[in-house]
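# Remarks on the overall topology
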Amino acid sequence: MTSKNFSFKSLVRHNMTSRMWAIALSILGCMAGLLLPIFAIQQNYRVQLELAAEPDYVFTAADVLKNTQNSIAQVISFDSPFIKLVLIVLATLCGVAMFRYLHDRRQVDFYHALPISRGKLFAVNYISGVLLVLPFYLIVLVIGLIFVSAMGLGGQITGALLVQSILGNIAYFLLNYTVAVLCTVLTGNTIITVLLGIWAQLGIPVLMVMVQCYQAMFYETFSSAVPLMQTFVLYGSPMCNYLATEQYTRTMTVPLFTSTAMDTAGGMAILIYPVVLTIVLGVLSYFLFVRRKSENTGMAVSFRRVKAPIKWFMSIFSGLGFGLIFTVIFTGTSGGMWFGLVFGVVLCHMIVEIIYDFDFKALLHHWKQMIVLAILAVVVVAGIKNDVFGYDSYIPDVDDIASAAIESPYYNIDWNYNDQDIYKDQLSDAESIEKIHQLAELSVANENSWEVGESSHTYTIHYTLKNGDHVSRCYSRVSQKIVEDVMIDLLTSEPYLKQYSTLQTIQITETNEEGMTRLKVRSSAAPEGTLPQATLISRNEIQEVIDQLRADQIANAEAHLKEFPVMQLTIENEWAERPEDNRRALYSADLMVYAADTDTLALIKRLTGVEPVKLSHENVNSIEITQYDEQEYYDYMNQYGEYGEDRFMEAHTVTVTDPATIDALLESAITGSMTSRSGFLAQTASYENNLAISAVIENHQGNETWATKESLFYPEGKMPTELINQLFNAQ
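Overview of the structure. Along each chain, residues carry numbers from 1 onward, in the same order as the chain's sequence is written. Note on the predicted model: pLDDT of at least 70 is required for a residue's local features to be given, and 80 or more for side-chain atom pairs to be given and counted; whole-chain, interface and lining totals, by contrast, use all residues. Based on all heavy atoms of the structure, the side-chain values leave hydrogens and waters out of the count.

## A word on the overall build of the chain
Each helix is a run of DSSP H or I of at least 4 residues and each strand a run of E of at least 2, with the numbering of both proceeding from the N terminus. If you tally the helices and strands in the chain, you get 27 helices and 15 strands. Partitioning the contacts of the chain with sequence separation of at least 6, the portion at a separation of at least 24 is 77%. When checking whether two residues touch, look at their non-hydrogen atoms; a contact exists if any pair is within 4.5 Å.

Put into structure tokens, the structure is as follows:
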């Protein structure tokens, strides 16, 4: 053979022509990842256009075109999961295929006998694997762009989007390809290469998930993983990092992990991680390839020094995994967990020793290491169990907190609790941060202060630190009486209200057309399910009412926590006018008015004539009281079958129609609609003495009269128990 046959270009050409299967697979894969979704979207576009021609269809042709263009841009962009999965598979296959000869002794002898330096041979194989995929990815992408442009569906595809998509996919392809090359060089057997590749891609994230499971088991205030663990999950696996990184949102979501997201710089900054890691792993692969001994071909691991670290990691991993499995099997006892930890370490250590030496007699080689690893696994879990790292007692220094928030469905000024972004929608003023920090100190000092008979409600404190870390702690066993004053002080503060209250944040549609926004007015005598007593359609009048109610809420915030509403306002905006991605532009929201809001009540009366109405025999036709006994109920069901419930209700229900008795029963009663929207300090007795009480409320709508059944509740200690007992005794 001449020297020309060993030129760099000739060797690369030979590698590619001898692996036509890889080229065919690359073309088919890229077509499946790019062209197939585009064709599917284009077909759906045709169907949607036909539907848009119908007069009652919700979308216009312009809406359909815009949505389709957005979908196409998503497929072309770096966010597309289809092409990512294809490139990950191709990177792995080609990385193994180009260096697989290292696992065959005859091929190793042949290639290493050629008049080519090891460094040049590595470069030839590495470049050949890259050329088996990337040129065909770019060709298929160009074909897709031509098709999209011809169909007029590329309106949302920008140059920046294309550049980020192409460079991002290429960078992460090279990273995952280099990982596959490194695993192939490290091992002397293809099966071991595949197993090592799986460990390299998933080992660290899954390990962190398992550690998080132990934290959730033992940490009383566990809410989310510590920032360091989040970093390991995000950056410990090139594949997971690739799939998690998104171009549009500039965030990295974490698969199989409770921490929802971490911000990234976005743009070209997403290339820093893959480029740097590719260079590091590429240099390491080159160094190992050059130093690799030919006689190590066929061995499980070709480098003796890396055998022990791999075995240690696998053994600890296995121990933690078996500990969780045995915890599930032996529920209610910790003995299963400790046994599983030791069993998992010992089992994995023995299996790895057998694989390393290809000899069953080797299972107890390095038994001392095995014992140390088993003890280490137990110590790690024992450390978590005893909170040696101070997770439960951790509170950030107030000077290190950039912003903070309280998340709780109970401790809230707004009964209609909005789902917020717990990291972005936080309070950043110094006064609020100080109050939340004070609450955290009380919570840590009094965790487990709750006793039987006392009230305790779960709440989570979320912090964003000045270094960018996100920290959360959840408290569920702190007595309400201990934190109540601080909670009230925080929840009634103006910064809190303006950040979280639906009333303070809601926006009215910007239009002069009457009826685009409606404000429905209801008192206690007009429960849900009936027409409102009045409806405002003038935008100016609606804005006037909301502005006044906002002022009253800030002035009477504590009263809103303690009182029951006396009036309900329902604001509705047309869907067509709702701004995109605006959490405050609600389609519909209920706003409650309280007795303390005298200025708002006066304004509503002036505009609509509606004012709070006290329930009495004049608007309540009857009251039904049912006394439940669980055993008797089941006896009736067994005796009468499908008629059992009706028979039970008939025997255990008292219907009151006497006006004086109705007034006595309604004296302190609150309707269910108003009770469910009251503040957390407005306590009600629900089903006291196994009683269910409901009123049939008469509601007049013009010339029509409606009768609606509404549940009744009473403030704590105000239920007329003596009168109810008299009614049942007289039955």
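That was the structure; now back to the text.
## Things to note about helix 22 (residues 598-608)
Accessibility here uses a 1.4 Å probe with only protein chains present; expressed as a share of the type maximum, an area under 20% marks a residue as buried, one over 50% as exposed, and anything in between as partly exposed. Inspection of helix 22 places T600, L601, L603 and I604 among the buried residues, and these make up the whole buried set. Taken around the axis of helix 22, the buried residues stretch over an arc of 160 degrees, which confines them to a single face. If you follow the buried residues of helix 22, they end up packed against strand 6 (517-523), helix 20 (539-555), strand 8 (567-573) and strand 9 (588-593). Following helix 22 by one or two positions, G609 adopts a phi angle in the positive range, close to 85 degrees. In this description, one arc is meant: the one made by directions from the helix axis to the C-beta atoms.

## A closer look at the packing of aromatic side chains
In this scheme Phe, Tyr and Trp rings, the latter by its six-membered ring, pair at centre separations within 6.5 Å, and the angle between planes marks the pair as stacked below 30 degrees, edge-to-face above 60, and tilted otherwise. In the structure shown here, the tally under the stated rule is 29 aromatic pairs. Residues F122 and F289 carry aromatic rings whose centres are separated by 5.5 Å and whose planes lie at 55 degrees to one another, so their mutual orientation is tilted. With F122 in helix 6 (residues 118-131) and F289 in helix 12 (residues 272-291), this residue pair connects regions lying 167 residues apart in the sequence. Here F122 matches F289 in class, with each residue buried. An angle of 10 degrees between the planes, with centres 4.4 Å apart, marks the rings of Y219 and Y391 as stacked. Highlighted residues: Y219 in the loop between helix 9 (190-218) and helix 10 (227-235) and Y391 in the loop between helix 15 (367-385) and strand 3 (401-407), separated in sequence by 172 residues. Y391 shares its class with Y219; the two are buried. Cluster of aromatic residues (ring-pair linked, three or more members): F99, F122, Y126, F173, Y177, Y286 and F289. We call a charge positioned over a ring when the NZ of a Lys or the CZ of an Arg lies within 6 Å of the ring centre and within 35 degrees of the ring normal. The ring of F78 has K84 lying over it, and the distance from NZ or CZ to the ring centre is 4.4 Å.

## With respect to the layout of surface pockets
Points on a 1 Å grid over protein atoms alone make up a cavity when a 1.4 Å probe fits among them but cannot get out, and a pocket when they form an open set with protein on both sides within 12 Å along at least five of seven lines; lining residues each have an atom within 4 Å of a point. Grid points are joined across faces, edges and corners, and a volume is the space filled by probe spheres set on the points. The calculated volume of the largest pocket comes to roughly 900 Å³. Lining the largest pocket we find 34 residues, and of these L182, L186, L284, V306 and I310 sit closest to its centre. Of all elements in the fold, only helix 8 (159-186), helix 9, helix 12 and helix 13 (304-329) reach the threshold of two or more residues within the lining of the largest pocket. In terms of residue count, helix 13 provides more of the lining of the largest pocket than any other element does, eight residues in total.

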